Structures are given as C-alpha cells and as structure tokens.
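Fold and geometry: a report
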Amino acid sequence: MVGAGARDDSVPFSAWELLFDGKNLLSSLYGGCDLRRDIPRFVSLWRAGRLDIEGLITRQITFGELNDASARCGTAK
C-alpha cells in the first residue's frame, strides 16, 4: 500500500496471510527518509549528475501560492 488513508480507514488482512504468505506490515513516514543522512547523499548524487532533480520539477510557485497549490493537489485540509 502506498499513500496515507483517512484516520478511520482500515486495511483488512488475516493472520494466515502474515504467516503463510510471508507478508509483512511495515509503516513508513515520508519514505523513512533520514534527513541528516539522505539529503547530503541526494545533493552529492545531483552534483555528480546521477540524480535528475530538475526533471522532477513540473512547476515553480511562490510562497504565496502554496495554499492554492496544495488545494489543487488535494492535500490541503
């Protein structure tokens, strides 16, 4: 499962699936990123030309446009 559900969403599974199908239940917040470790690594990869950060940017916004952009993405509360 990828993404965050609502507070009252449930994910049904059986103990059988965990044991006999070898499934695991693992949580992750923000991909489990360790900022002190990962950000310098990402910067190094970018500087070496091995990480295309610019290719991930589809649009730039100003700080004042942040709430509107969040609302368009469905992330604003």
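All of these numbers come straight from a predicted model, not from anything done at the bench.

Calculation rules
Residues numbered from 1 in each chain as written. Predicted model: local features only at pLDDT ≥ 70, side-chain atom pairs only at ≥ 80, totals over all residues. Heavy atoms only, no water. Helix = DSSP H or I, 4+ residues; strand = E, 2+ residues; numbered from the N terminus. Areas by Shrake-Rupley, 256 points an atom, 1.4 Å probe, with all protein chains shown as cover. Patch = residues over 30% accessible without salt bridge, like charges linked within 9 Å, V, L, I, M, F, W, Y side chains within 5 Å. Salt bridge = Lys/Arg side-chain N within 4 Å of Asp/Glu carboxyl O. Buried < 20%, exposed > 50% of the residue type's maximum accessible area, 1.4 Å probe, protein only. Phe/Tyr/Trp six-rings, centres within 6.5 Å; stacked < 30°, edge-to-face > 60°. pLDDT = per-residue confidence, 0-100.

1. Notes on the overall build of the protein
Across its full length, the protein carries three helices and zero strands. When the helices and strands of the protein are placed in sequence order, the string is α-α-α. For the protein, the exposed surface amounts to about 7800 Å²; the carbon and sulfur share of it is 57%.

2. Observations regarding a nonpolar patch on the surface
Together, Val11, Phe13, Leu18 and Leu25 make up a nonpolar patch on the protein surface, roughly 400 Å² of accessible area in all. Position of Val11 relative to the elements: it lies in the segment before helix H1 (15-20). Classification of Val11 by relative accessible area gives exposed; the value is 52%.

3. Overview of the pattern of salt bridges
Enumeration over the complete set of coordinates arrives at three salt bridges. As a salt-bridge pair, Asp38 and Arg37 come within 2.5 Å of each other at their nearest N and O atoms.

4. Some thoughts on the packing of aromatic side chains
One pass over the structure, following the stated rule, counts one aromatic pair. For the ring pair Trp16 and Phe20, a centre distance of 4.2 Å and an interplane angle of 40° mean the geometry is tilted. Linking Trp16 with Phe20, this pair stays in helix H1, spanning four residues, or about one helical turn. Taken individually, Trp16 and Phe20 each receive the classification exposed, so the pair is uniform in this respect.

5. Quick word on the confidence of the model for the protein
For the protein, mean pLDDT is 83; residues scoring 70 or higher make up 90% of the total. When pLDDT is averaged over each element of the protein, helix H2 (residues 35-47) comes out on top at 93 and H1 at the bottom at 85.

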